[in-house]
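Fold and contact review
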Amino acid sequence: MAKSAPSFRCAECGATHAKWSGRCEACGAWNSLVEESPLSKTPGSGLGGAKGKLIQLSALDTKEAPPKRALAGMPELDRVLGGGLVAASAILVGGDPGIGKSTLLLQAAAAFARTGLKTLYISGEEAASQVRMRAARLGLADAPVGLGAETSLRDILTTLEAERPDLVVIDSIQTMWSDRVESAPGSVSQLRAAAHELVSFAKRRGTAVILVGHVTKEGQIAGPRVIEHMVDTVLYFEGERGHQFRILRAVKNRFGPASEIGVFEMTGAGLAEVANPSALFLSERGQAAPGSAVFAGIEGTRPVLTEIQALVAPSSLASPRRTVVGLDSGRISTILAVLESRCGIPFTGLDVFLNVAGGMKVIEPAADLAAAAALLSAREDTALPADMVIFGEISLSGALRPVGQAENRLKEAAKLGFSQAIAPTGTKADGTTGMSMRKLGDLVTFTGEMFGAG
Ligand code: TYD
Ligand code: MG
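Residues numbered from 1 in each chain as written. Chains lettered and ligands numbered in written order. Predicted model: local features only at pLDDT ≥ 70, side-chain atom pairs only at ≥ 80, totals over all residues.

Attention shifts here to the overall build of the protein chain. For the protein chain, the helix and strand inventory stands at 10 helices and 23 strands. Looking at the protein chain as a whole, 38% of its 454 residues qualify as buried. A fraction of 64% describes how many contacts in the protein chain between residues 6 or more apart in sequence connect residues 24 or more apart. (Helix = DSSP H or I, 4+ residues; strand = E, 2+ residues; numbered from the N terminus. Buried ≥ 20, exposed ≤ 12 C-beta atoms within 10 Å, placed from the backbone. Contact = placed C-beta atoms within 7 Å.)

Close contacts around ligand 1 come from 15 residues, with G100, K101, S102, T103 and G270 the closest. Top contributing element to the shell around ligand 1 by residue count: helix α2 (residues 101-114), with three residues. The class makeup of the residues in the shell around ligand 1 is five nonpolar, seven polar and three charged. (Near = placed C-beta within 6 Å. Nonpolar A, V, L, I, M, F, W, Y, C, P; charged D, E, K, R; others polar.)

Between helix α4 (residues 153-163) and helix α5 (residues 188-205), the shortest axis-to-axis distance is 11 Å and the interhelical angle comes to 5°. Classed by the angle they form, the pair α4 and α5 counts as roughly parallel. Only A194, E197 and F201 of α5 make contact with α4, whose side of the interface consists of L153, L157 and L160. Among the residues forming the contact of α4 with α5, the class breakdown is five nonpolar, no polar and one charged. (Axes fitted to C-alpha atoms, helices over the stretch in contact; angles between N-to-C directions. Parallel < 35°, antiparallel > 145°, perpendicular 65-115°, else oblique.)

Residue placement: A110 occurs in helix α2. The spacing of A110 and K415 is 305 residues in sequence and 34 Å in space, taken between C-alpha atoms. When sequence neighbours within four positions are dropped, the list of residues in contact with A110 reads L140, A143 and V145.

We now examine the UniProt feature "binding site: ATP" (unreviewed entry) in the protein chain. Under the UniProt annotation, the feature "binding site: ATP" (unreviewed entry) is placed at G95, D96, P97, G98, I99, G100, K101 and S102. Tracing the backbone through its elements, the reader meets G100 in the loop between β6 (90-95) and α2. You can see K101 is positioned in helix α2. You can call K101 buried: it has 26 C-beta atoms within 10 Å. Setting aside chain neighbours within four positions, we find K101 in contact with V93, G95, V212 and F237. (UniProt positions renumbered as here; feature names shortened; annotations may be inferred.)

What follows is about the pairing of strand β8 (residues 145-149). Regular strands have side chains that alternate between both faces of the sheet. Relative to β8, strand β7 (residues 119-123) is paired through five bridges, and the arrangement is parallel. Of the residues in β8, the one forming a bridge with S123 is A149. Once the chain exits β7 it traverses helix α3 (residues 128-137) before rejoining the sheet at β8, and the crossover so formed is right-handed. (Pairing = 2+ DSSP bridges. Right-handed = clockwise from strand over helix to strand, strands pointing away.)

The subject of this paragraph is the environment of I210. Within the element layout of this structure, I210 appears in strand β10 (residues 208-214). With 29 C-beta atoms counted inside 10 Å, the residue I210 sits in the buried group.

Within a beta sheet, neighbouring strands are joined by backbone hydrogen bonds and run either parallel or antiparallel to one another. With mixed pairing, the nine strands of this open sheet are ordered in space as β8-β7-β9-β10-β6-β11-β12-β13-β14. Of all the strands in the sheet, just β8 and β14 (270-273) have a single pairing partner and so form its edges. Adjacent strand axes in the sheet meet at a mean angle of 25° when their direction is disregarded. Of the strand pairs in this sheet, β6 and strand β11 (residues 233-238) are connected by five bridges, and their pairing is parallel. By the bridge assignment, G95 is partnered in β11 with F237. Against the sheet, α3 touches β7 and β8, its axis set at about 140° to β8.

As structure tokens, then:
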């Protein structure tokens, strides 16, 4: 494309000029000409937009500094963020009401504030005094966090423009309302508008913005999903009500690996970080028992061991129960079908219950074999060796597929005192001291032939 000369437009009257001058010849205003990107009304296009500036990919300066990051000094949180908080980024933290989002973010805000970031915490749900009481209970009363109790987006943006914080927490995005949008607070259009304005502020001013979003069951209030695409990072805070464990899971991250998790424990004094989640998830495990299998998993960049528990019992129902908690129920149906069709181990007439101990959610296909092992162990009422870990993906043909990071899985298992493993063929325990690799057939001491191609 031929390079056209720059042009100048008068900010007062809009007239265009080929040359800069101190005074607009059209309207006579002084010092009102500004340079414009030189283009371009493509004849007949009629789009009327301004042409964006393009940079050749090859011309990009690869030595450009990586994004500026701040560490909270809470390793579980910093890792899930991809190695700290990135300036000018927008982060969504979703989760069920009451799971502990406000607690987590108040702790995070205090931690960041103590490292010197100018931090604001704006609550649309609680009065400032309530937030202060909570902070006192968490031992954070002296943290230099600015508190606000506000729901009007216009007021919040005005405050933010005046304060220019490094970090602002908005708790929750559903309570915010913009007077530019007609519909009620909590509606999809309000949520989008509020998120859009706050994200634009983040980009414009270099402030990191954390939006809290309640996962909602009814359609009245829009859920955090509708704004996932607008933010850089999406984290979900999950856990079972009855358990004290909480997992912060990255499901999208422009600045780090997705599927990273941070593990916390809800205590009387807030959330405590769990540095060794495997030990925690396995801590409730007693003696070897039928229906229990230990899965050596990978969550993000870190190996995590979990216990998969199964119960198989005669059913009185025409279509027996399949109750799955913490695993993908579709995958479990597939595994049951493979066991039945490929291995001749039927589950007809049997209720099946599967559960991951500790309220953990496991989404890796590598958990297939451990789930199958738990099912077989429960069905045969025979315990697996207590010092055995299991992993591998099961294909529809019944073959076992290798999975990534086998060495990391085995190392973590060895560290926790496990000494034998069943894994896809070819998995070597190189460098993992004291770990012996068992054959798939060993798993089936009680059931005869299992995975033919294993
Ligand atoms: P909260 O952070 O208010 O949840 P969310 O913002 O996700 O709705 O947490 C609420 C629950 O956490 C509440 O049931 C009490 C419990 N909790 C503790 O167990 N210990 C604590 O120190 C705090 C602050 C809360
Ligand atoms: Mg809350």
